[in-house]
Every structure is written in structure tokens, then in C-alpha cells.
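# Observations on the three-dimensional arrangement
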Amino acid sequence: PDSMALPEGYVAVDRTALTAELLTGADVRDASDASIAEVSDLVLTSDGQVTDVVLDVGGFLGIGARTVAIPMDRLTVAQADGGAVRLWVDMSKEELEALPEYSM
């Protein structure tokens, strides 16, 4: 995913700087920069490193959304100057929706 071109004005965020506050609720986009999911939760190691990101895919206003988890290394995280964090994933919405349902 590191080779992914980021939209104008976005800079990649160092993985060690990521926090739950920063990522939760973030917009997740596909390679064509279409919004396809939202971060709903994170899976952390005991020392607080993010291993997996839990996404809500599809649905409308949280209804009928599917919850899936994908490894952090499948995502590119970037932030607009002082603005919102966004994540880009190398999968389509259909591929995300085909993943097994994640349950806490």
C-alpha cells in the first residue's frame, strides 16, 4: 500500500503516531478515492500498537453495515494538513463486504 499515490494535500502518517482517537471514525477509501467504509474500532497489542482495523462497510447511517477487520498493513493512513485522517485500502468495497463478519 505504500506505493499508493495520495491525494493532493495529504501526507502519510507514521504508524507509530497512530492512536485510537485519531483513527476511530476515520473515512476509509478505495484506490479510486471513493469512500467505502468507516473505522469503528481498533485491535491493539498490549503495548498499544494497532494490529488490525475494524471497519463498518456498506449499510446506510450505520444500519445494515457489515463489520470486518483487516490488518493495519493493508491500509495507508494519511492526514490533510492539520485536518482529518483518512485511510486508503487496496481492496474494493465488494472485497471488504466479502470478508468474514468481525465480532468483538
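Here is a short report on the structure shown in this document.

### Points about the nonpolar core
The biggest cluster of nonpolar side chains holds 23 residues, and the ones touching the most others in it are L55, L87 and L96. Those elements that provide at least two residues to this core are β3 (35–44), β4 (50–57), β5 (66–71), β6 (75–80) and β7 (85–89).

### Topic: the side chain of D27
When you line up the elements, D27 lands in strand β2 (residues 27–29). Polar side-chain contacts of D27 include one of 2.5 Å to the side chain of S35.

### Concerning the pattern of salt bridges
Tallying each qualifying case throughout the model produces five salt bridges. Here D27 makes a salt bridge to R86, at a shortest N to O gap of 3.8 Å. One end of the pair, D27, is in strand β2; the other, R86, is in strand β7, with 59 residues separating them in the sequence. What makes R86 partly exposed here is its relative accessible area of 21%. Between D33 and R29 there is a salt bridge, with the nearest N and O atoms lying 3.7 Å from each other. For R29, a relative accessible area of 13% gives the class buried.

### Structural notes on the packing of aromatic side chains
What the rule picks out here adds up to one aromatic pair. With a centroid separation of 5.3 Å and an interplanar angle of 80°, the aromatic rings of Y10 and W88 are classed as edge-to-face. With Y10 in strand β1 (residues 10–12) and W88 in strand β7, the pair connects residues that are 78 residues apart, well separated along the chain. Side by side, Y10 and W88 carry an identical accessibility label, which is buried.

Definitions and limits used
Residues numbered from 1 in each chain as written. Predicted model: local features only at pLDDT ≥ 70, side-chain atom pairs only at ≥ 80, totals over all residues. Heavy atoms only, no water. Core = buried A, V, L, I, M, F, W, Y, C linked by side-chain atoms within 4.5 Å. Buried < 20%, exposed > 50% of the residue type's maximum accessible area, 1.4 Å probe, protein only. Helix = DSSP H or I, 4+ residues; strand = E, 2+ residues; numbered from the N terminus. Polar contact = N/O pair within 3.5 Å; in protein donor to acceptor, adjacent residues only side chain to side chain. Salt bridge = Lys/Arg side-chain N within 4 Å of Asp/Glu carboxyl O. Phe/Tyr/Trp six-rings, centres within 6.5 Å; stacked < 30°, edge-to-face > 60°.

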